[in-house]
Amino acid sequence: DQQVKQNSPSLSVQEGRISILNCDYTNSMFDYFLWYKKYPAEGPTFLISISSIKDKNEDGRFTVFLNKSAKHLSLHIVPSQPGDSAVYFCAASGFGRDDKIIFGKGTRLHILP
Amino acid sequence: DAGVTQSPTHLIKTRGQQVTLRCSPISGHKSVSWYQQVLGQGPQFIFQYYEKEERGRGNFPDRFSARQFPNYSSELNVNALLLGDSALYLCASSLRGEVGNTIYFGEGSWLTVV
């Protein structure tokens, strides 16, 4: 039973265009949502997060949008760069006293030249 | 500043053997968590330790155990290895292990069980 779902295993985007990665979740108790980026042979790297009380958080080229009523979040990358090619994990936490993170399966983003 | 460090980086074990994986958190971080990432899946939570006490445990069998030492480093032990235990084992650290703390991951230990 997957609580965090990333339904697109891969996505290809032209360099300079906008990349939009989507994520759905089922547990309304989640307090905090995160995006991690992972290169091969490296651990996941924290990218950006958003609290459940907000609907948008922006950090440079990265913006995360949260739609609580739809239990949906998205990560926008503008403009997309070659170094953005990686696997992106959507994750959620906050329904307990620990900081356990529930991850989605990931979306592999390919930035095309 | 050193990030989260894990050892060994790669290892091969035989079914039925036991393995110990090690993790040193970022200096000043008191919480350590362990995750298992099987190929094609996202990382799955195994344990969290804070101030040497177990704070959370995922849905893993009792063959999996962990501990945290006074210097906040941690070990993950897996007994009676199965082929399905082949995975990337990730250690993560955070300041206090609370919701909203940024969690930093190490590069992981690749375990292959043959």
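Residues numbered from 1 in each chain as written. Chains lettered and ligands numbered in written order. Predicted model: local features only at pLDDT ≥ 70, side-chain atom pairs only at ≥ 80, totals over all residues. Heavy atoms only, no water.

(A) Layout of the sheet that holds strand β8 (residues 72-77) of chain A. Residue and element names in this part refer to chain A. Taken in spatial order, the 5 strands make up an open sheet running β1-β3-β8-β7-β6, and their pairing is antiparallel. Single-partner strands in this sheet number two, and they are β1 (4-5) and β6 (56-59). The sheet contact formed by strand β7 (residues 62-67) and β8 spans 6 bridges and is antiparallel. Its bridge partner being in β8, N67 is matched across the sheet by H72. (Pairing = 2+ DSSP bridges. Helix = DSSP H or I, 4+ residues; strand = E, 2+ residues; numbered from the N terminus.)

(B) Looking closely at the packing of aromatic side chains. On inspection of all chains with the given rule, the structure shows 13 aromatic pairs over all chains. Arranged with centres 6.1 Å apart and planes meeting at 80 degrees, the rings of F30(A) and F33(A) form a pair that is edge-to-face. When the ring of F47(B) is compared with that of Y49(B), the centres are 6.1 Å apart and the planes differ by 50 degrees; the resulting orientation is tilted. Its relative accessible area of 1% is what places F47(B) among the buried residues. What makes Y49(B) buried here is its relative accessible area of 8%. Within the aromatic cluster, the residues linked to one another by ring pairs are Y36(A), F46(A), F89(A), F103(A), Y35(B), F45(B) and F105(B). (Phe/Tyr/Trp six-rings, centres within 6.5 Å; stacked < 30°, edge-to-face > 60°. Buried < 20%, exposed > 50% of the residue type's maximum accessible area, 1.4 Å probe, protein only.)

(C) Representation of the sheet that holds strand β3 (residues 19-24) of chain B within the structure. All names here are of chain B. With antiparallel pairing, the 4 strands of this open sheet are ordered in space as β1-β3-β8-β7. The outermost strands of the open sheet, each flanked by one partner alone, are β1 (5-7) and β7 (64-68). Sheet twist, expressed as the mean angle between neighbouring strand axes with direction ignored, is 15 degrees. (Axes fitted to C-alpha atoms, helices over the stretch in contact; angles between N-to-C directions.)

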